[in-house]
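Here's the letter readout for the chains.
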Amino acid sequence: MKASHQTALLGLCIIALAGIALLFWLPNDTVSGFVQSRRGRLSIGDAMAPGLAFGLMALSGLLILFKAREACTALVTRHDVIFVLGLLGLVAVSFTLMRYSGPVLAGLFADGGDYRALRDTTPWKHLGFVFGGGGMVAALISWMERRVTLRAVLIGFAAAIALILVFDAGFDDLLLPPNGDV
């Protein structure tokens with residue numbers, strides 16, 4: 001079997017598994033669905049995270065399926081390994097910023113407040129998400145463009161703020177990463 005046929009088969013299998021999980025497993029295994037409302041409060045349901053994950057899995061399967069149309073004859077090169085290692089390093093730095101920027105800034109600028117007590121108050125609860133998440137998006141754009149631009153930085157921070165508005169503003173009992181673990 002040709003490599004492109006194997007790649008297409010892999011894409012189809014991923015799509016099928018994601019579809020089965022979304023259509024059969026999630027509805028039968030979760031109680032509350034994607035979003036639930038209790039006493040007028042909107043909160044994330046049991047199926048939200050796995051539903052998004054399986055949706056991304058199906059999208060990945062589609063991308064693999066489309067990629068199979070091209071002949072896959074190239075081997076992994078030194079440049080590919082360096083690229084992946086650089087990407088992993090960038091993500092590690094971004095996660096470190098996400099985890100520690102809130103507590104460090106709260107320690108420097110909060111009036112005697114312990115970060116653990118401040119982690120659900122504005123602006124402290126958003127600092128790690130904005131610096132780590134916005135910084136990650138900005139760094140990835142800059143890396144792909146091979147230059148740092150104000151546009152990339154603004155897009156990164158706008159993406160982080162948009163996610164804050166979607167998730168933090170809509171759900172009272174949600175702590176954005178990394179605040180649930182701090």
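Summary of the structure given here. (Residues numbered from 1 in each chain as written. Predicted model: local features only at pLDDT ≥ 70, side-chain atom pairs only at ≥ 80, totals over all residues. Heavy atoms only, no water.)

A word on the pairing of strand β2 (residues 41–44)
What counts here: Two strands qualify as a pair provided that DSSP identifies no fewer than 2 bridges between them. In this text, helices come from DSSP runs of H or I with a minimum length of four residues, and strands from runs of E with a minimum of two, each type numbered from the N-terminal end.
Judged from the four bridges that link them, strand β1 (residues 35–38) and β2 form a sheet pairing that is antiparallel. Bridged to glutamine 36 within β2 is serine 43. The turn linking β1 back onto β2 is made up of two residues, and arginine 39 within it adopts a positive phi angle of 50 degrees.

Re the pattern of salt bridges
Definition in use: Whenever a carboxyl oxygen of Asp or Glu lies within 4 Å of a side-chain nitrogen of Lys or Arg, that contact is scored as a salt bridge. Remark: exposure states derive from per-residue accessible area (1.4 Å probe, protein chains only) relative to the maximum for the residue type, with buried under 20%, exposed over 50%, and partly exposed in between.
Evaluated as defined, the whole model comprises one salt bridge. Across the pair arginine 151 and glutamate 145 runs a salt bridge whose closest N-O atoms are separated by 2.7 Å. Glutamate 145 sits in the partly exposed class, given a relative accessible area of 29%.

Quick look at the packing of helix α3 (residues 78–109) against helix α5 (residues 124–145)
Under the convention used in this document: To get an axis, fit a line to the C-alpha atoms, keeping to the stretch in contact for a helix; angles then go from 0 to 180 degrees between the N-to-C directions. Every angle not falling under 35 degrees, over 145, or within 65 to 115 is termed oblique; those three ranges are roughly parallel, roughly antiparallel and roughly perpendicular. Less than a right angle of anticlockwise turn of the near helix away from the far helix marks a crossing as left-handed, whereas a clockwise turn marks it as right-handed. Gly counts as polar in this scheme, as do all residues outside two lists: the nonpolar Ala, Val, Leu, Ile, Met, Phe, Trp, Tyr, Cys and Pro, and the charged Asp, Glu, Lys and Arg.
Their axes nearest at 8 Å, the elements α3 and α5 cross at an angle of 155 degrees. Comparing the axis directions of α3 and α5 gives the class roughly antiparallel. For the crossing formed where α3 meets α5, the hand is right-handed. Partitioned by chemical class, the residues of the contact of α3 with α5 number 19 nonpolar, eight polar and no charged.

Some details on the packing of aromatic side chains
Our working definition: Two aromatic rings from Phe, Tyr or Trp, using only the six-membered ring of Trp, form a pair when their centres are within 6.5 Å; if the ring planes differ by under 30 degrees the pair is stacked, by over 60 it is edge-to-face, and anything between is tilted. Two limits define a charge over a ring: the Lys NZ or Arg CZ must be within 6 Å of the ring centre, and within 35 degrees of the ring normal.
By the definition in use, this model includes two aromatic pairs. An angle of 70 degrees between the planes, with centres 5.5 Å apart, marks the rings of tryptophan 25 and phenylalanine 54 as edge-to-face. With a gap of 29 residues between them, tryptophan 25 in helix α1 (residues 3–29) and phenylalanine 54 in helix α2 (residues 48–67) connect regions that are remote in the sequence. The aromatic ring of tyrosine 100 is capped on one face by arginine 99, whose charged end is 4.8 Å from the ring centroid.

Comments concerning a nonpolar patch on the surface
For clarity, the cut-off: For patches, a residue must show more than 30% relative accessible area and have no salt bridge; joins then use 9 Å for like charges and 5 Å for nonpolar side chains, namely Val, Leu, Ile, Met, Phe, Trp and Tyr. Per-residue and other accessible areas were derived by the Shrake-Rupley procedure at a 1.4 Å probe size, with only the shown protein chains allowed to occlude residues.
Taken together, the side chains of Val81, Phe83, Val84, Leu85, Leu88 and Met144 define a hydrophobic patch exposed on the protein surface, amounting to about 560 Å² of accessible area. A total of five residues in the nonpolar patch trace back to one element, the largest contributor, which is α3. Positionally, phenylalanine 83 belongs in helix α3. A relative accessible area of 34% means that phenylalanine 83 is categorised as partly exposed.

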